[in-house]
Amino acid sequence: MKPKAVRGMNDILPQDSATWRYLESVVREVVQSYGYKEIRLPLLEYTELFQRSIGDETDIVAKEMYTFLDRNEESLTLRPEATASMVRAGITNGLLHNQRQKLWTAGPMFRYEKPQKGRYRQFHQFDVEAMGYPGPDVDAELIIMCARMWQRLELSRLTLEINSLGTPDSRVTYRAALLNYFSTVKSGLDEDSIRRLGKNPLRILDSKNPEMQELIEAAPVMLDYLDAESLAHFAGLRALLDAAEVPYTVNPRLVRGLDYYNLTVFEWVTDALGSQGAVCSGGRYDGLVEKLGGRSTPAIGWAMGIERLVALYEACGGEKQGEAPDVYIVAVGENALGRGFAVAESLRDGNSALRVDLNLGGGSFKSQLKRADKCGAAYAVILGDDEVARNEAGLKPLRTDEDQLSVPLDDLAKIIGERLAR
Ligand code: ATP
Ligand code: MG
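Reading the values: rules and limits
- Residues numbered from 1 in each chain as written.
- Chains lettered and ligands numbered in written order.
- Predicted model: local features only at pLDDT ≥ 70, side-chain atom pairs only at ≥ 80, totals over all residues.
- Heavy atoms only, no water.
- Helix = DSSP H or I, 4+ residues; strand = E, 2+ residues; numbered from the N terminus.
- Contact = heavy atoms within 4.5 Å.
- Core = buried A, V, L, I, M, F, W, Y, C linked by side-chain atoms within 4.5 Å.
- Buried < 20%, exposed > 50% of the residue type's maximum accessible area, 1.4 Å probe, protein only.
- Disulfide = S-S within 2.5 Å.
- Near = heavy atom within 4 Å.
- Polar contact = N/O pair within 3.5 Å; in protein donor to acceptor, adjacent residues only side chain to side chain.
- Areas by Shrake-Rupley, 256 points an atom, 1.4 Å probe, with all protein chains shown as cover.
- Nonpolar A, V, L, I, M, F, W, Y, C, P; charged D, E, K, R; others polar.
- Domains from an automatic or database assignment.
- Salt bridge = Lys/Arg side-chain N within 4 Å of Asp/Glu carboxyl O.
- Pairing = 2+ DSSP bridges.
- Axes fitted to C-alpha atoms, helices over the stretch in contact; angles between N-to-C directions.
- Parallel < 35°, antiparallel > 145°, perpendicular 65-115°, else oblique.
- Left-handed = near helix turned anticlockwise from the far one by under 90°.
- Phe/Tyr/Trp six-rings, centres within 6.5 Å; stacked < 30°, edge-to-face > 60°.

Colleague: Give a detailed account of the side chain of T47, specifying residues and quantitative values.
Modeller: Relative to the elements of secondary structure, T47 occurs in helix α2 (residues 47–54). Ignoring any residue separated from it by four or fewer positions in sequence, one finds T47 in contact with M65, T67, S75, L76 and T77.

Encoded structure:
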């Protein structure tokens, strides 16, 4: 029986990994150009960290976590997202006290969801967090940073939605209004929502159940309950986005699936990927550091789904990145293979640093040339015993109709380098 991969967990195959790497490198370059520094975090944390930060009534904590007891009977969880771990690391390592941090991390996240296009059980995020900044300037910068990425990747079909979830104070009034509203329509609520009504009525707004959408549409919106501080923060963000000419729509229904958010929340969404349209989402979580045991520290961040970024890039006609070698060395004859190794090493050396595939496993001239063509190399370097005896190689362009030529081995790297640069 063939072994199976775990449901919802994908292999990223060689024909795709170069595109992944390209997109990840652009995102990384942009983020670094705003002064963000990398932090690498464990995939496992104590379960309690996520329960306390993300919230018991969220989908993630209620039904999506991969949680198990380790050999010491401690409850561990594969991280479903990175913010909680970032904050934990900030506190553990004393990075937050009287300091400001701009950090990024990237890697796999795990959620036990129903696998479908754009939704997996192991998926990948690029995650950016700014801690110690009260905003709204940093809120705007984090969003503008995304806009720069879309521009560099020539992604056109993304729109920005923003909302404010208010300060904790203003949320108290809003919560009461929601509780009141949902209580009057309680007979129409599903089981999840009835449970949430008692514990965390805000979470009802994040229900994915289509039958709940009509009731949710008619519910009071947070924007009508913002206090002066929340309004000022939101207006500040909008003014900065306007000044930077980053278009947005205010979506009063945007609540996000994690409990720790306050004030600014936002989502970059696309119509190009069907129902899994959120590509990058984020928000402010000013209370989280303190909640997890640190000194009160304002913070905001976003996370981008790499699978969805790749899919969007392809949907927007982005060029698939390849990993074809520059050169394939065809070596036929007694002395040719030994020389082939030396020539391959010299081409990989120093300034030229070419990508070189040396024919391995022998084969006729014809079959080796076939492999050269198939691997997508720009040039075949042909070494037969005759060429080797003359200290020369045949240089055969494989992607253009230029003629084959004879080149002294000493000049090979230089000539190939020049031709590739053209
Ligand atoms: P959704 O509403 O699609 O479930 P979310 O609000 O749960 O998304 P976040 O927790 O904010 O998502 O994660 C940030 C980003 O990670 C999302 O915008 C999305 O691009 C990506 N993402 C989240 N869950 C998955 C998943 N199961 N598979 C692939 N990508 C995901
Ligand atoms: Mg989700």
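Having seen the structure, we can now continue with the description.
Colleague: I'd like a rundown of the nonpolar core, residues and numbers included.
Modeller: One finds V31, Y36, M145, W150, W268, W302 and M304 to be the most contacted residues of the largest nonpolar core, which totals 44 residues. Here the element with the most residues in this core is helix α5 (residues 137–152); it accounts for 8 residues. Setting aside its immediate chain neighbours within four residues, W302 contacts V31, F126, D127, V128, L142, M145, C146, M149, F266, C280, S281 and G282. Listed in part, the 42 residues of the second largest apolar core include I204, L215, M222 and V289.

Colleague: Break down the state of the cysteines for me, citing the residues and quoting the values.
Modeller: What the rule picks out here adds up to 0 disulfides. Looking at C316, it has no disulfide partner, and the nearest cysteine sulfur is the one in C280, 15 Å off.

Colleague: Describe unusual backbone geometry, with residues and values.
Modeller: Cis geometry marks the peptide bond from G135 to P136; its omega dihedral reads 5 degrees. The phi angle at E73 is positive, at roughly 65 degrees, despite the residue not being glycine. Mapped onto the elements, E73 comes out in the loop between β3 (66–69) and β4 (75–78). At E245, a position not held by glycine, the phi torsion is positive, near 55 degrees.

Colleague: How would you explain the site of ligand 1 if you had to name every residue and give the values?
Modeller: Near ligand 1 lie 16 residues; those nearest to it are R111, E113, R119, R256 and S281. One of the side-chain N or O atoms of R119 is found 2.8 Å from an oxygen atom in ligand 1. Contact with the protein chains covers 91% of the free accessible surface of ligand 1, which is 580 Å². Contributions of two or more residues to the shell around ligand 1 are made by β6 (122–131), β10 (278–284) and β11 (299–305). In the shell around ligand 1, the residues fall into 6 nonpolar, 4 polar and 6 charged.

Colleague: Lay out the domain arrangement of the protein with the relevant residues and their values.
Modeller: Domain boundaries assigned for the protein yield domain 1 (14–167 + 227–315) and domain 2 (327–417). With centres defined by C-alpha atoms, the gap from domain 1 to domain 2 works out at 48 Å.

Colleague: Tell me what's going on with the pattern of salt bridges, and back it up with residues and numbers.
Modeller: This structure, assessed with the given rule, holds 25 salt bridges. Ionic pairing is found between R21 and E323, a salt bridge with its closest N-O pair at 2.8 Å. Of this pair, R21 sits in helix α1 (residues 14–32) while E323 sits in the loop between α11 (306–315) and β12 (327–332); the two residues are 302 residues apart in sequence, bridging distant segments of the chain. In this structure R21 comes out as partly exposed when scored by relative accessible area, which is 46%. What makes E323 partly exposed here is its relative accessible area of 40%. For the salt bridge of R157 with D271, the shortest nitrogen-to-oxygen distance reads 3.2 Å. Of this pair, R157 sits in the loop between α5 and β7 (158–164) while D271 is found in the loop between β9 (262–270) and β10, placing the two residues 114 residues apart along the sequence. Among the residues examined, D271 registers a relative accessible area of 58% and is labelled exposed.

Colleague: Lay out the pairing of strand β15 (residues 392–397) in plain terms, naming residues and giving numbers.
Modeller: The pairing of strand β14 (residues 379–384) with β15 spans 4 bridges and is antiparallel. Following the sheet pairing, A380 is matched in β15 by K396. In this sheet, strand β16 (residues 405–408) lies alongside β15 in antiparallel orientation, the contact comprising 4 bridges. By the bridge assignment for β16, E392 is matched with P408.

Colleague: Tell me what's going on with the packing of α1 against α5, and back it up with residues and numbers.
Modeller: At their nearest, the axes of α1 and α5 sit 10 Å apart, and the two run at 140 degrees to each other. In terms of axis orientation, α1 runs oblique to α5. For α1 against α5, the interelement crossing comes out right-handed. Across the interface between the two elements, V26, V27, E29, V30 and V31 of α1 pack against M145, R148, M149 and R152 of α5.

Colleague: How would you explain the packing of aromatic side chains if you had to name every residue and give the values?
Modeller: Under the definition given, this model contains 8 aromatic pairs. On the numbers, 5.7 Å between centres and 70 degrees between planes, the contact of Y66 with Y112 is edge-to-face. Here Y66, found in strand β3, pairs with Y112, found in the loop between β5 (101–110) and β6; they are 46 residues apart in sequence, far enough to count as distant. Since its relative accessible area comes to 19%, Y66 is described here as buried. You can call Y112 partly exposed: its relative accessible area is 45%. Ring geometry for Y181 and F182: centres 5.0 Å apart, planes at 65 degrees, overall edge-to-face.

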